[in-house]
Amino acid sequence: MRTYSRSNDVFIHNLALGSTPGLLPMYFEPGLYDSPNRSASASLLEPDAHLKDYSYVKFIKTEAFVNVVTLDSLFIKYCDLLVVDTQGFDLEVLKGARSTLHNCNWIICEYWANNAYVNACTLDQIQEYL
């Protein structure tokens, strides 16, 4: 975790989030040094319509696994704005944030209307959960 710019109340976490802790494979587009965090697209979900919509993006499934933690495990006591943009995995992130969500004023989530990823959450699922 690090602070953003010179602000003491904005934090950036470089984590894989989900509903339960564990190890999951990452799908990513090979990029600079073939690193998932330097590629143009990455997801814990297998790409589906994304491959047709953005045919120039080539995904591979990593042999390595990423360590997934829950947002609740960070013990965030106050959150003015929570932004979740996890390529279709947003509902799983929210499920791992039951306690944290009670401390958030605003939540921005992404959803895909066209099944960009296999088992990606829908807007209805996110709304129903929240």
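Nothing here was measured: the structure is a model prediction, and the numbers come from that model.

A short note on the confidence of the model for the chain
When pLDDT is averaged along the chain, the result is 82, and 86% of the positions lie at 70 or above. The spread of mean pLDDT over the elements of the chain runs between strand S1 (residues 2–3), the lowest at 52, and helix H2 (residues 90–95), the highest at 95.

Regarding the nonpolar core
Considering soluble globular proteins, one finds that nonpolar side chains tend to be buried as a cluster. The biggest cluster of nonpolar side chains holds 27 residues, and the ones touching the most others in it are Leu82 and Tyr117. If you list the elements that add at least two residues to this core, you get strand S3 (16–17), strand S4 (22–28), strand S7 (79–84) and H2.

Overview of the environment of Glu92
Within the element layout of this structure, Glu92 appears in helix H2. Measuring from C-alpha to C-alpha, the distance between Glu92 and Thr70 comes to 9.1 Å, with 22 residues separating the pair along the chain. For Glu92, the contacting residues outside a window of four places in its chain are Gly18 and Ser19.

Comments concerning unusual backbone geometry
One non-glycine residue, Asn115, lies in positive phi territory at about 55°. By secondary structure assignment, the location of Asn115 is in the loop between strand S8 (104–109) and helix H4 (123–129). By relative accessible area, which is 45% here, Asn115 ends up partly exposed.

Thresholds, definitions, all that
Residues numbered from 1 in each chain as written. Predicted model: local features only at pLDDT ≥ 70, side-chain atom pairs only at ≥ 80, totals over all residues. Heavy atoms only, no water. pLDDT = per-residue confidence, 0-100. Helix = DSSP H or I, 4+ residues; strand = E, 2+ residues; numbered from the N terminus. Core = buried A, V, L, I, M, F, W, Y, C linked by side-chain atoms within 4.5 Å. Buried < 20%, exposed > 50% of the residue type's maximum accessible area, 1.4 Å probe, protein only. Contact = heavy atoms within 4.5 Å.

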